[in-house]
Amino acid sequence: MRFLLLLLVAASAVVRSDASANLGGVPGKRLKMQYATGPLLKFQICVSGYRRVFEEYMRVISQRYPDIRIEGENYLPQPIYRHIASFLSVFKLVLIGLIIVGKDPFAFFGMQAPSIWQWGQENKVYACMMVFFLSNMIENQCMSTGAFEITLNDVPVWSKLESGHLPSMQQLVQILDNEMKLNVHMDSIPHHRS
């Protein structure tokens, strides 16, 4: 038992000494710090349409520019469209519940039920599927923006909403090369205080 305890203490001492020796000598630790403080390339995209394109661009850019931090987020539509989509998602569930239960909401308002409601009561499975898929289609349409916006350190470098198309990989690499050269040039200029 004592031998096992001594062996564990010795092993932990070796691991600690290796770790402390590697902190100063291994470039991986510095790379992580440089990576955390490098330029920020941010993609704001319509996730439903351009996720694969973003992943491909991210892979190529991170290989070519290892110091660039890359972030991606969903480009949100205008608030009115978000509210419509939220309303439809709740309304869809209420309508499906009413179809399943067989409760006639038109009687509550003193109206005669339309023929489509009668059909829905006779074909509950089909009616529920139709409500679900039609509502989802409209919700997706409301939430889809078609955006593929790119900024480098909060400076816009590409906008699909303005240009009408995605940048090719060559265009994006050229833009990043120009921006990186400009940033290096600006950093090398001495700053004078007046």
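For the chain, the name recorded in an unreviewed UniProt entry is Selenoprotein T, with Monodon monoceros as its organism. You can read under Sequence similarities (unreviewed entry) in the UniProt record for the chain the words "Belongs to the SelWTH family. Selenoprotein T subfamily." Check the Catalytic activity (unreviewed entry) section of the UniProt entry for the chain; it says "[thioredoxin]-dithiol + NADP(+) = [thioredoxin]-disulfide + NADPH + H(+)".

## Focus on helix H4 (residues 79–101)
Owing to its 3.6 residues per turn, the α-helix brings residues three or four apart onto one side. Its 23 residues place the ends of H4 33 Å apart at the C-alpha level, agreeing with the 33 Å of an ideal helix rising 1.5 Å per residue. Along H4, the positions that sit buried rather than exposed are Ala 85, Leu 88, Lys 92, Ile 96 and Ile 99. Once H4 finishes, Gly 102 follows within two positions and takes phi at roughly 85°, a positive value.

## Things to note about the packing of helix H6 (residues 115–122) against helix H7 (residues 124–143)
Viewed as axis vectors pointing N to C, H6 and H7 meet at an angle of 120°, and their least axial separation amounts to 5 Å. Along the contact surface, H6 presents Ile 116, Trp 119, Gly 120, Gln 121 and Glu 122, while H7 presents Lys 124, Tyr 126, Ala 127 and Met 130. Classifying every residue of the contact of H6 with H7 by side-chain character gives five nonpolar, two polar and two charged.

## Some remarks on the pattern of salt bridges
Where charged atoms from two side chains of opposite charge come close, those side chains can pair. What the rule picks out here adds up to three salt bridges. A salt bridge links Arg 64 to Asp 177; the shortest N-O distance between them is 3.3 Å. Of this pair, Arg 64 sits in helix H3 (residues 47–64) while Asp 177 sits in helix H9 (residues 169–188), and the two are 113 residues apart along the sequence. Arg 64 sits in the partly exposed class, given a relative accessible area of 49%. Exposure remark for Asp 177: the relative accessible area of 18% places this residue in the buried category. Lys 92 serves as the salt-bridge partner of Glu 139, at 3.3 Å between the closest nitrogen and oxygen. Of the two residues, Glu 139 sits in helix H7 while Lys 92 sits in helix H4, which places them 47 residues apart along the sequence.

## Some thoughts on the nonpolar core
One recurring pattern in soluble globular proteins is that nonpolar side chains are buried together. Counting 20 residues, the largest nonpolar core has Leu 41, Phe 43, Ile 61, Phe 148 and Ile 150 as its most contacted members. Sorting the residues of this core by element identifies strand E1 (40–45), H3, strand E3 (148–152), strand E4 (155–159) and H9 as the ones contributing at least two each. With sequence-adjacent residues up to four places away left out, Leu 41 is seen in contact with Ile 61, Ile 68, Arg 69, Ile 70, Glu 71, Ile 150, Thr 151, Leu 152 and Leu 176. Ala 113, Trp 117, Cys 128 and Val 131 belong to the second largest nonpolar core, which has seven residues in total.

What counts, and where the lines are drawn
Residues numbered from 1 in each chain as written. Predicted model: local features only at pLDDT ≥ 70, side-chain atom pairs only at ≥ 80, totals over all residues. Heavy atoms only, no water. UniProt positions renumbered as here; feature names shortened; annotations may be inferred. Helix = DSSP H or I, 4+ residues; strand = E, 2+ residues; numbered from the N terminus. Expected span 1.5 Å × (residues − 1). Buried < 20%, exposed > 50% of the residue type's maximum accessible area, 1.4 Å probe, protein only. Axes fitted to C-alpha atoms, helices over the stretch in contact; angles between N-to-C directions. Contact = heavy atoms within 4.5 Å. Nonpolar A, V, L, I, M, F, W, Y, C, P; charged D, E, K, R; others polar. Salt bridge = Lys/Arg side-chain N within 4 Å of Asp/Glu carboxyl O. Core = buried A, V, L, I, M, F, W, Y, C linked by side-chain atoms within 4.5 Å.

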